[in-house]
Amino acid sequence: MSERTALGGPDDLSEPQQRAVEAQLFRLADDEFVQAERYTFWQVRAPTLESDLAISNNAQDELGHARLWYDAIQQLGYSEESLIWESDPADFQHSTLVELPFEEGDWANAVLRAYLYDTAEEIRLDALTESTYRPIRDRTSTIQGEEEYHLEHALSWLDRLAADGE
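This one's a predicted model, so the numbers in the text were calculated from it and none came from an experiment. All residue numbers refer to position in the chain's written sequence, counted from 1. This being a predicted model, a pLDDT of at least 70 is required before a residue's local features are given, and a value of 80 or more before pairs of side-chain atoms are given or counted; all residues contribute to the totals for chains, interfaces and linings. Values shown for side chains rest on all heavy atoms present in the structure; no hydrogens or waters enter the calculation.

**Q** Explain a negative patch on the surface residue by residue, including any values.
**A** Residues Glu122, Asp126, Glu148 and Glu152 make up a contiguous surface patch of negative charge. Counting from the N terminus, the helices are the DSSP runs of H or I reaching at least four residues and the strands are the DSSP runs of E reaching at least two. Secondary-structure elements contributing two or more residues to the negative patch are helix 5 (107-128) and helix 6 (134-163). When you line up the elements, Glu152 lands in helix 6. Exposure above 30% relative accessible area and the absence of a salt bridge qualify a residue for a patch, where like charges join within 9 Å and nonpolar side chains (Val, Leu, Ile, Met, Phe, Trp, Tyr) within 5 Å. Here the accessible surface of atoms and residues is derived via Shrake-Rupley with a 1.4 Å probe, and residues count as covered only by protein chains that are part of the display. A side-chain nitrogen of Lys or Arg and a carboxyl oxygen of Asp or Glu constitute a salt bridge if their distance falls within 4 Å. Neither His nor the chain ends is counted toward charge; the positive residues are Lys and Arg and the negative residues Asp and Glu. The location of each charge is read from NZ of Lys, CZ of Arg, CG of Asp or CD of Glu.

As structure tokens, this is what we get:
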């Protein structure tokens, strides 16, 4: 980490810093939560049993990542209920890429979107390893290990689909 002041936890944040941390955490958590929900669409619809299992595992990982980020938000005074179950859908701060529903039967679209999301997430997580806010920095390495598998899965399918000729 550079010479920026390290922030250990919520008590170290000024009001503007807390707003910035909250904004980042909500985007991280909501992306993962919505992405997990989108992956569940493909359970029992993926082209192979192996893919069904892989996408189910990816969905479970994304829910776990969302929980890690939501836990960090809870340290700022929010409750789990208010973050997820009582939130108005319009209040979620996820990216448009994870929000869009999949077209039924378009596995190539799902693979490409997973690749794009996981690539962008890899870049975002790499940047967050240098976060001055410890709760973000600490969670990042845990999530990165699982996200490597997600990207590998998407790349493997991209290769298969590109070799198909269709």
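We are not done yet, so read on.
**Q** Requested: an account of helix 5, with residues and values cited.
**A** Here helix 5 is 22 residues long and its end C-alpha atoms lie 31 Å apart, about the 32 Å a rise of 1.5 Å per residue gives. For every residue, the accessible area (1.4 Å probe, protein chains only) is compared with the maximum for its type, and the residue is labelled buried under 20%, exposed over 50%, or partly exposed between those bounds. By the burial criterion, the buried members of helix 5 are Trp107, Ala110, Val111, Arg113, Ala114, Tyr117, Asp118, Glu121, Leu125 and Leu128. Across the axial projection of helix 5, the buried residues extend over an arc of 160°, all falling on one side. Facing away from the buried side of helix 5 by more than 90 degrees, the exposed set consists of Ile123 and Ala127. Expected span, for any helix, means 1.5 Å times one less than how many residues it has. The directions from the helix axis to the C-beta atoms form the arc being described.

**Q** So what's going on with the packing of helix 2 (residues 49-74) against helix 5? Which residues, and what values?
**A** To describe two helices that pack against each other, one gives the angle between their axes and the distance between the axes. Contact geometry of helix 2 with helix 5 gives a least axis separation of 14 Å together with a crossing angle of 35°. For the element pair helix 2 and helix 5, the recorded crossing hand is left-handed. Where helix 2 abuts helix 5, its residues Ser51, Ile55, Glu62 and Trp69 lie against Trp107, Tyr117, Asp118, Glu121 and Leu125. Three residue categories are used. Nonpolar comprises Ala, Val, Leu, Ile, Met, Phe, Trp, Tyr, Cys and Pro, charged comprises Asp, Glu, Lys and Arg, and polar comprises the others, including Gly. Of the residues contributing to the contact of helix 2 with helix 5, the split by class is five nonpolar, one polar and three charged. Every axis in this analysis is a line fitted to C-alpha atoms, fitted for helices over the stretch in contact. Angles between the N-to-C directions lie between 0 and 180 degrees. For a crossing to be left-handed, the near helix must be turned anticlockwise from the far one by less than a right angle; the clockwise case is right-handed. The criterion used for residue contact is that any of the two residues' heavy atoms lie within 4.5 Å.

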